[in-house]
Amino acid sequence: MSHTFSAPAPLELASLPVELLFKVLLSLRADGLARASRVCRAWQGLVVTAARERLLALRGPAAAGTTPHGPSLLCSLSAAEDLTRRIGRRADGNGKQPWRGQTWRDEWVKIRREELVLQGNELEDIVVETTETTLPRFRQEVEWLVQSGWEGCDAKAYTLLVYMGRGALGAALRVGSRRYAASTHALTGLLLSRAGQGELPPTCFCNLSGRWGLSEEDPAWGALSAAGAAPGASFIATTVSGGLVANDHTFADGRGIRIPIFCAHGVEYQLQDAAVVAFVSRPPSREGWHALVQTTPTGFSLPPLARVTLVSVLEAGEWAANGHRVCQRCYTVSVSYA
C-alpha cells in the first residue's frame, strides 16, 4: 500500500504573530524596512516603529529626533547605519563605547597628537595639553554656544574636537578606523541634534585650499577643482566642514577670502590666495537636511558624511561678496545630510 505525503505549506511572514513579525522587522536595515513598508498598509505602522527604535539605538535620543519638515525616519536610519558600518556603534547611555569603554575624553590625547602630526610637527616634539588646560583658550566660543542653547558639556566637546582635532577624526573616518569612534559619534550627534533650528543660514564661504582650506583637511574637496568637474558632481565630506558669512573681516576687499587665525594678540584675519567655496543652504526635505548649522556668531558647520553637490562655477571677477567683486574662482555647492 502506497502513502502520499504532502509538503507543509510554506510559512508566510504575514501569518506570523505581530510580536514575532516586529522582531523580524527590527533585524532589517533601512533599505529592507523600506521594502517591507510597501508590502501592505498593516505593515507600515510596524515599520515606522521598528525604524524609530533602530534609529534611537544607533543615535540616542538627542540626535534621533525627526520632525515633519525634516528627513524621513528611513533616510535618517540609513545615514546612521552608514556611520555605524564605518566606525562601529556609538557610545551607550553612560557615554561608553560598548566595545571599548571609552568616551571622547579618553581619545583626546591620541586625537590631539595625530592632529599635530598632520600639521607637520615631529612626533617626539609633541606635548599634548589636557582638555582642562586647553579650554580657557576657547572661552568665548564655548560661552556663545551655551548662550545659544547648548549644554555646557556639549559646547566644550564640540569646540575642542572641531578646533583641535577634526583633521585626525576625518583621517580615521576615511579609512574606516574605529580609533576615534566615540569622538566622531559625539561630534556628529551634536550637529544633527541642532539641524533645522533657527532661520535658514545665509550663504557662507570658505577657502578651498591654503591654510585651513577644505581640501587641506579633507581630500574629497579636491573633486571640485578636478578636471571635468561640472555642476551636478557630488562627493561625501568626511570632516566637519563649513564656512563664514561675508563681512568686513572675511571679505575686506576683492582679493579673496580672509580666515581667522588665532595668534598671541588675539584673532587675525589672513588673506588666502585660493579659490572660494560658497555654501548655499536650502529648506529641508524628506531626503535630508540641506542647511548648515550655526556654531559661532558668523560661522556655520556640516557634520561628517554630508553629501556636497556642485551647483555652479564662477570665474574670478564674475561674483561678489560683501560688495566686492572677488578675484578668485568660486564654487557654489549645496549640501545634504540626515
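Parameters and conventions
- Residues numbered from 1 in each chain as written.
- Predicted model: local features only at pLDDT ≥ 70, side-chain atom pairs only at ≥ 80, totals over all residues.
- Heavy atoms only, no water.
- Helix = DSSP H or I, 4+ residues; strand = E, 2+ residues; numbered from the N terminus.
- Buried < 20%, exposed > 50% of the residue type's maximum accessible area, 1.4 Å probe, protein only.
- Contact = heavy atoms within 4.5 Å.
- Core = buried A, V, L, I, M, F, W, Y, C linked by side-chain atoms within 4.5 Å.
- Axes fitted to C-alpha atoms, helices over the stretch in contact; angles between N-to-C directions.
- Parallel < 35°, antiparallel > 145°, perpendicular 65-115°, else oblique.
- Left-handed = near helix turned anticlockwise from the far one by under 90°.
- Nonpolar A, V, L, I, M, F, W, Y, C, P; charged D, E, K, R; others polar.
- Expected span 1.5 Å × (residues − 1).
- Pairing = 2+ DSSP bridges.
- Phe/Tyr/Trp six-rings, centres within 6.5 Å; stacked < 30°, edge-to-face > 60°.
- Lys NZ or Arg CZ within 6 Å of the ring centre and 35° of its normal.
- Polar contact = N/O pair within 3.5 Å; in protein donor to acceptor, adjacent residues only side chain to side chain.
- Bend = angle between axes of the 7 residues up to and from the residue.

With that out of the way, let us pick up the overall build of the protein chain. Looking only at helices and strands, one finds ten helices and 14 strands in the protein chain. Counting across all 338 residues of the protein chain, residues that qualify as buried make up 46%. For the protein chain, the share of sequence-separated contacts (at least 6 apart) that also reach a separation of at least 24 residues comes to 66%.

Once that is clear, we can look at the environment of Ser 312. Examined against the element boundaries, Ser 312 turns out to sit in strand 11 (residues 306-314). For Ser 312, a relative accessible area of 22% gives the class partly exposed. Sequence separation between Ser 312 and Cys 330 is 18 residues, and the spatial gap between their C-alpha atoms is 8.2 Å. With residues up to four places along the chain from it excluded, the contact list for Ser 312 reads Pro 231, Cys 330, Tyr 331 and Thr 332.

It is worth spelling out the nonpolar core at this point. Residues Tyr 158, Leu 208, Trp 221, Leu 224, Val 277, Phe 279 and Tyr 337 are the most contacted members of the largest nonpolar core, which totals 49 residues. At ten residues, helix 8 (residues 152-174) tops the list of elements feeding residues into this core. Non-local contacts of Tyr 337, meaning those with residues more than four positions away in its chain, are made with Pro 71, Leu 192, Ala 195, Gly 288, Trp 289, Ala 291, Val 293, Leu 302, Pro 303 and Ala 306.

Okay, the packing of helix 8 against helix 9 (residues 181-192) next. It is at 10 Å that the axes of helix 8 and helix 9 come closest, and there the two elements cross at 120°. When the axis of helix 8 is compared with that of helix 9, the two are oblique. The element helix 8 and its partner helix 9 pack so that their crossing is left-handed. Residue-level contacts link Asp 154, Ala 157, Tyr 158, Leu 161, Val 162 and Leu 169 of helix 8 to Ser 183, Thr 184, Leu 187, Leu 190 and Leu 191 of helix 9. Split by residue class, the contact of helix 8 with helix 9 holds eight nonpolar, two polar and one charged.

Attention shifts here to helix 4 (residues 73-87). Its 15 residues give helix 4 an end-to-end C-alpha distance of 21 Å, which sits within 8% of 21 Å, the value for a rise of 1.5 Å per residue. Taken together, the buried residues of helix 4 touch helix 2 (30-36), helix 3 (41-59), helix 8 and helix 9. Downstream of helix 4 by one or two residues, Gly 88 has phi in the positive range, about 95°.

Here eight strands make up an open sheet; going across it, the order is 2-11-14-6-1-3-10-9 and the pairing mixed. The open sheet is flanked by strand 2 (234-237) and strand 9 (293-294), the only strands paired with a single partner. Here seven bridges tie strand 11 to strand 14 (residues 330-336), and the two strands are oriented antiparallel to one another. Following the sheet pairing, Ser 312 is matched in strand 14 by Thr 332.

Tracing the sequence through the fold places Arg 112 in helix 5 (residues 104-118). In this view, Arg 112 contacts Gln 119, Val 128 and Met 164; residues no more than four positions away in its chain are not counted.

Quick look at the packing of aromatic side chains now. Per the counting criterion, the structure on display carries nine aromatic pairs. With a centroid separation of 6.0 Å and 20° between ring planes, the pair formed by Phe 205 and Trp 319 is classed as stacked. Of this pair, Phe 205 sits in strand 1 (residues 204-207) while Trp 319 sits in the loop between strand 11 and strand 12 (320-321), placing them 114 residues apart in sequence. Both residues of the pair, Phe 205 and Trp 319, count as buried. Within the aromatic cluster, the residues linked to one another by ring pairs are Phe 138, Tyr 163 and Phe 262. Cation over ring: Arg 194 sits above Trp 150, and NZ or CZ is 4.0 Å from the ring centre.

Geometrically, a packed helix pair is captured by the angle between its two axes and the distance between the axes. Remark: helix 5 packs on helix 9, axes separated minimally by 8 Å, with the N-to-C direction vectors making an angle of 110°. Here helix 5 is positioned roughly perpendicular relative to helix 9, judged by the angle of their axes. Between helix 5 and helix 9 the crossing geometry is left-handed. Together, Trp 104, Glu 107 and Ile 111 of helix 5 and Ala 181, Ala 182 and Ser 183 of helix 9 make up the contact between the two elements. Its residues assigned to classes, the contact of helix 5 with helix 9 comprises four nonpolar, one polar and one charged.

Note: strand 2 against strand 11, four bridges, orientation antiparallel. When the sheet's bridge partners are listed, Ile 236 is paired in strand 11 with Arg 307.

Mapped onto the secondary structure, Arg 258 falls in strand 4 (residues 258-263). Within the structure, the side chain of Arg 258 is placed 3.2 Å from the side chain of Asp 253, a separation counted as a polar contact. Look past the residues within four positions of Arg 258 in its chain and what remains in contact with it is His 249, Thr 250, Ala 252, Asp 253, Tyr 269, Gln 270 and Leu 271.

Right, let's talk about helix 8 for a bit. Along helix 8, the sharpest change in direction is near 85° and occurs at Gly 165. Gly 176 sits one or two positions beyond helix 8 and adopts a positive phi of about 70°.

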